[in-house]
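Notes for the structure review
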Amino acid sequence: DTEVTQTPKHLVMGMTNKKSLKCEQHMGHRAMYWYKQKAKKPPELMFVYSYEKLSINESVPSRFSPECPNSSLLNLHLHALQPEDSALYLCASSQYTYTEAFFGQGTRLTVV
Amino acid sequence: GQQVMQIPQYQHVQEGEDFTTYCNSSTTLSNIQWYKQRPGGHPVFLIQLVKSGEVKKQKRLTFQFGEAKKNSSLHITATQTTDVGTYFCITFNDKIIFGKGTRLHILP
């Protein structure tokens, strides 16, 4: 199994809502990542987890809250988002930090 | 901080023509990875280069890492419509650095 599965594929949420994005991999990878991608731009790194511990937070606003419940799962909790947070949110995993990364299909988030 | 400049930003080629994208850095890179993202898709890993002067081939794709490890290129021979997408380079030191990508359009 070489897949990274993200749910949901699409999400529309209001600025007062709380929602969560989920990511799952069963490749035994020890590093997991959240990226944000705007149209026609490269992905921007948000968070890196290594061995289930947060190792990198790229100065992401606190309205985004990551969680790694176990080595296979990565969540991104969303609260009080702004319309400019609308983007494709990509999860990725790799054997170790900075090795070949496998990306999920992404969650297309629209904040209204 | 370290940056990687990727050029060109866009490239339109006739089907069958060759295509090259470059990533350049002012500082030595420890390694470089290349990814492809199809329109509406997600990035897919293509290759990792680590050694100075390294050249790797995958069918019509040739990847090079410069002798000084400050630049890298991806060359596609005889492009096909399936090559459409954006090609990104990524490098790592103490952080992950993405090139801005080269968007390849194929004209039939």
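Residues numbered from 1 in each chain as written. Chains lettered and ligands numbered in written order. Predicted model: local features only at pLDDT ≥ 70, side-chain atom pairs only at ≥ 80, totals over all residues. Heavy atoms only, no water.

**Side note on unusual backbone geometry**
Between Thr7(A) and Pro8(A) the backbone carries a cis peptide bond, its omega angle lying at -10°. With respect to the element layout, Pro8(A) can be found in the loop between β1 (4-7) and β2 (10-13). Across the junction of Ile7(B) and Pro8(B), the peptide omega takes the value -5°, indicating a cis bond. Looking at the secondary structure, you find Pro8(B) in the loop between β1 (4-7) and β2 (10-14). With phi around 50°, Tyr51(A) is a residue other than glycine that occupies positive phi space. Looking at the element boundaries, Tyr51(A) is found in the loop between β5 (44-50) and β6 (53-57). On the accessibility criterion, Tyr51(A) (46% relative accessible area) is partly exposed. The phi angle at Ser59(A) is positive, at roughly 55°, despite the residue not being glycine. Within the secondary structure, Ser59(A) sits in the loop between β6 and β7 (64-70). (Helix = DSSP H or I, 4+ residues; strand = E, 2+ residues; numbered from the N terminus. Buried < 20%, exposed > 50% of the residue type's maximum accessible area, 1.4 Å probe, protein only.)

**A closer look at the packing of aromatic side chains**
Enumeration according to the criterion identifies nine aromatic pairs over all chains in this entry. Here Tyr33(A) and Tyr35(A) contribute two aromatic rings whose centre-to-centre distance is 6.2 Å and whose plane-to-plane angle is 25°, an arrangement assigned as stacked. The buried category is assigned to Tyr33(A), whose relative accessible area is 2%. Ring geometry for Tyr35(A) and Phe98(B): centres 5.6 Å apart, planes at 80°, overall edge-to-face. (Phe/Tyr/Trp six-rings, centres within 6.5 Å; stacked < 30°, edge-to-face > 60°.)

**Comments concerning the state of the cysteines**
Scanning the entire structure with this criterion turns up two disulfides over all chains. Here Cys23(A) is linked by a disulfide to Cys91(A), with a sulfur-sulfur distance of 1.9 Å. Between Cys23(A) and Cys91(A), the S-S dihedral sits near -70°, and the bridge is therefore left-handed. Here Cys23(A) is found in strand β3 (residues 18-25), whereas its partner Cys91(A) is found in strand β9 (residues 87-94), with 68 residues between them in sequence. Cys23(B) shares a disulfide with Cys89(B); S-S distance 1.8 Å. On the S-S bond that ties Cys23(B) to Cys89(B), the torsion sits near -95°, and the link is left-handed. Linking Cys23(B) in strand β3 (residues 19-25) with Cys89(B) in strand β9 (residues 85-92), this pair joins segments that are 66 residues apart in sequence. Each of the two residues, Cys23(B) as well as Cys89(B), counts as buried. (Disulfide = S-S within 2.5 Å.)

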